[in-house]
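Residues per chain are reported as follows:
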Amino acid sequence: MIVQENVSLAPFTTFRVGGDARYFVSASTEEELIQAIKLAQERKIEVFVLGGGSNLIVSDNGFDGLVVKMDVKQYRAEKTDIFTQAAVPFAQIVNLAAEKSLAGLEWAGGIPGTVGGAVRGNAGAFGGETKDIVKTVTSIDIKTAKKVTRKKEECGFGYRESIFKHNNEIITEVVFSLTTGNKEDIISKVRSNIQYRLERHPHDFPSAGSVFKNVPVENISSAKLRYFQESVKTDPFPVVPAAKIIAEAGLSGYRVGGAQVSPKHTNYIINCGNAVAGDILELIEHIKKVVKEKFDIELQVEQYVVK
Ligand SMILES: Cc1cc2nc3c(=O)[nH]c(=O)nc-3n(C[C@H](O)[C@H](O)[C@H](O)COP(=O)(O)OP(=O)(O)OC[C@H]3O[C@@H](n4cnc5c(N)ncnc54)[C@H](O)[C@@H]3O)c2cc1C
């Protein structure tokens with residue numbers, strides 16, 4: 001196992017910002033992963049597991065601990081189940097499902113990142129969520145280095161939520177359970193979801209997707225809800241899209257340094273080329289403040305801030 005020091009994390013994130021990891025390990029076996037955890041225990045430093053870096057804001061000060069990136073990327077289909085290691089890009093699982101005529105993952109077409117990141121955040125789109133297809137999740141506890149396999153019901157899944165957001169665990173393997181479908185239909189749905197994203201989301205600049213969670217209607221006063229009545233959508237339950245709230249607050253195109261609220265999709269912050277993490281974090285605080293003042297709504301950040 002090679003332990004690197006002072007490794008820039010910006011190239012590992014889709015935002016392309018952030019400082020260095022004090023230590024960095026690329027673990028290509030489970031033994032190396034456990035070795036890395038033990039090293040962190042010995043040195044009394046924190047461990048952060050990096051997936052595809054597509055839901056992260058790494059602060060400009062970086063991370064004063066050990067960043068682990070797993071490099072174990074095997075996956076296979078058996079009947080209607082897919083067995084995959086957590087570091088596999090989610091897109092490869094979407095492709096495998098389509099190739100094997102397995103339905104249930106079409107909504108995920110175009111979501112970047114790894115399987116581990118998708119399970120941890122219960123990633124979702126177009127009415128689908130990762131939890132819908134999870135059968136079991138295996139993880140390793142960072143404190144004890146012990147391995148546990150949980151059934152879907154034991155994973156505490158909710159809207160962009162799971163037990164893995166709160167426990168200090170590294171997801172290593174996932175089993176997805178799909179159903180037999182029609183190959184052409186599956187491919188066509190995946191393609192149309194990717195096309196939808198290409199047309200409506202800003203792809204010309206680095207970003208980390210949607211910054212804020214959509215807001216459940218019960219969290220908005222009835223007086224303010226009337227602004228948004230037309231925009232309520234039921235995905236995965238009645239919510240007002242954060243993009244709509246930010247646009248109504250007059251923040252489309254608002255800029256702090258090199259970070260901007262995308263005029264194409266107002267729940268995306270884009271790195272116009274020279275942003276630092278501080279610009280993005282300051283812009284987030286500004287959006288939260290203006291939205292609170294205008295609509296008395298507390299926006300919640302979906303992305304993980306590494307500091
Ligand atoms: C253009 C774009 C579009 C997007 N669209 C969507 C969308 O439609 N829906 C959606 O839900 N998200 C979307 N996202 C956000 C992101 O792609 C997902 O949240 C993705 O699942 C994150 O996975 P990742 O591997 O990149 O995680 P990372 O960004 O690397 O990490 C995110 C968090 O997960 C943790 N993590 C990663 N791997 C593991 C593991 N093995 N074990 C434990 N914890 C782990 C990290 O420690 C971190 O806390 C989008 C992002 C972009 C850039």
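Here, residues in each chain are numbered from 1, in the same order as that chain's written sequence. Under the rules for a predicted model, residues below a pLDDT of 70 receive no local features and side-chain atom pairs below 80 are neither given nor counted, while totals for whole chains, interfaces and linings still include all residues. The side-chain quantities take in all heavy atoms of the structure and omit both hydrogens and water.

For sheets, the rule is that strands pair by backbone hydrogen bonds, running either parallel or antiparallel. Two strands form a pair only when DSSP identifies at least two bridges running between them. The way it works is that DSSP assigns letters per residue, a run of H or I at least four long becomes a helix, a run of E at least two long becomes a strand, and they are numbered from the N terminus. Spatially, the 5 strands line up as an open sheet ordered β6-β7-β13-β11-β12, and their pairing is antiparallel. A single partner strand is all that each edge strand has here, and the edge strands are β6 (75-78) and β12 (147-151). Adjacent strand axes in the sheet meet at a mean angle of 20° when their direction is disregarded. Pairing between strand β11 (residues 134-141) and strand β13 (residues 169-177): 7 bridges, direction antiparallel. Bridged to Asp 141 within β13 is Glu 169. The contact criterion used throughout is that any non-hydrogen atoms of two residues lie within 4.5 Å. Every axis in this analysis is a line fitted to C-alpha atoms, fitted for helices over the stretch in contact. Angles between the N-to-C directions lie between 0 and 180 degrees. Across the sheet, helix α1 (residues 30-43) touches β11, β12 and β13, and the angle it forms with β11 is around 45°. Strands β6, β7 (81-85) and β13 of the sheet are contacted by helix α2 (residues 90-99), whose axis makes an angle of about 30° with β6.

Attention now goes to helix α4 (residues 183-200). In this scheme, a helix's expected span is set at 1.5 Å multiplied by one less than its residue total. Compared with an ideal rise of 1.5 Å per residue, which puts 18 residues at 26 Å, α4 spans 26 Å between its outermost C-alpha atoms and is within 8% of the ideal. Think of it in three bands: with a 1.4 Å probe and only protein chains considered, a residue is buried below 20% of the maximum accessible area for its type, exposed above 50%, and partly exposed in between. Looking only at α4, the buried set comprises Ile 186, Val 190, Asn 193 and Arg 197. In an axial view of α4, the angular spread of the buried residues amounts to 60°, which keeps them on one side of the axis. Facing away from the buried side of α4, by more than 90 degrees, are the exposed residues Glu 184 and Arg 191. In this structure, the buried side of α4 is in contact with α2, β8 (102-103) and β9 (124-125). Note: the arc covers the axis-to-C-beta directions of the helix.

Another point: the pattern of salt bridges. Just to be clear on terms, a salt bridge is a Lys or Arg side-chain nitrogen sitting within 4 Å of an Asp or Glu carboxyl oxygen. Evaluated as defined, the whole model comprises 14 salt bridges. In this structure, the salt-bridge partner of Arg 200 is Glu 199, at a minimum N-O distance of 3.7 Å. Since its relative accessible area comes to 39%, Arg 200 is described here as partly exposed. Connected via shared salt-bridge partners are Glu 129, Lys 131 and Asp 132.

Counting buried positions along β11 yields 6 of 8 residues, so the element is predominantly enclosed. Where β11 lies against β12, 5 bridges are found, and the strand directions are antiparallel. Residue Thr 138 lies in a different strand from β12, and its bridge partner there is Thr 149. Taking the residues between adjacent antiparallel strands as the criterion, β11 and β12 are bridged by 5 residues, where Ala 145 takes a positive phi near 65°.

This part covers the side chain of Gln 303. Of note, Gln 303 is situated in the loop between α7 (277-295) and β21 (304-306). Assessed through its relative accessible area of 5%, Gln 303 is described here as buried. In this structure the side chain of Gln 303 is engaged in a polar contact, spanning 2.8 Å, whose partner is the backbone oxygen of Ala 208. Here a polar contact means two N or O atoms within 3.5 Å. Within protein one must be a hydrogen donor candidate and the other an acceptor candidate, and residues neighboring in sequence count only if both atoms are side-chain atoms. Within the structure, Gln 303 has its side chain in polar contact with the backbone oxygen of Gly 209 (distance 3.4 Å). Discounting chain neighbours no more than four positions away, the residues touching Gln 303 are Phe 15, Asn 55, Ile 57, Ala 208, Gly 209, Ser 210 and Val 211.

Marked domain ranges trace back to an automatic or database domain assignment. Under the domain assignment, the protein chain is made up of domain 1 (3-70), domain 2 (75-185) and domain 3 (204-306). Between domain 1 and domain 3, the C-alpha centre-to-centre distance is 28 Å. With 14 residues of domain 1 at the interface, the matching set in domain 3 holds 17 residues. Buried area is understood as the total, over both parts, of accessible area removed when two parts are fitted together, assessed with a 1.4 Å probe. Each partner contributes to the roughly 1,400 Å² buried at the junction of domain 1 and domain 3, and carbon and sulfur atoms together form 64% of this total. By the criterion of area lost to domain 3, the three top residues of domain 1 are Phe 15, Asn 55 and Ile 57, representing 50% of everything that side buries. Between the two partners, domain 1 and domain 3, sit 0 salt bridges. The tally of links between domain 1 and domain 3 comes to 8 residue pairs in polar contact (both at pLDDT 80 or more). Broken down by element, the side of domain 1 that touches domain 3 gets its largest block of residues, 3 residues, from strand β4 (residues 56-58). Of the residues assigned to the side of domain 1 that touches domain 3, the class counts are 7 nonpolar, 5 polar and 2 charged. Charged means Asp, Glu, Lys or Arg here, nonpolar means Ala, Val, Leu, Ile, Met, Phe, Trp, Tyr, Cys or Pro, and polar covers whatever is left, Gly included.

Those residues of α2 that fall on the buried side of the exposure criterion are Phe 90, Ile 93, Val 94, Leu 96, Ala 97 and Ala 98. On its buried face, α2 is in contact with β6, β7, β8, α3 (115-120), β13 and α4. Positive phi appears at Ser 101, one or two residues downstream of α2, with a value of about 60°.

Located in the positive-phi region is Arg 16, a residue other than glycine, with phi close to 60°. Its location among the elements puts Arg 16 in the loop between β1 (3-8) and β2 (20-27).

Next up on the list: the packing of α2 against α4. Two elements in contact, α2 and α4, have axes separated by 8 Å at closest approach and are oriented at 155°. Considering their axes alone, α2 and α4 lie roughly antiparallel with respect to each other. Residue-level inspection shows Val 94, Ala 98 and Glu 99 of α2 in contact with α4, the latter providing Lys 183, Ile 186, Ile 187 and Val 190. Among the residues making up the contact of α2 with α4, the classes are represented as 5 nonpolar, no polar and 2 charged. The labels follow the angle: roughly parallel below 35 degrees, roughly antiparallel above 145, roughly perpendicular from 65 to 115, and oblique for the rest.

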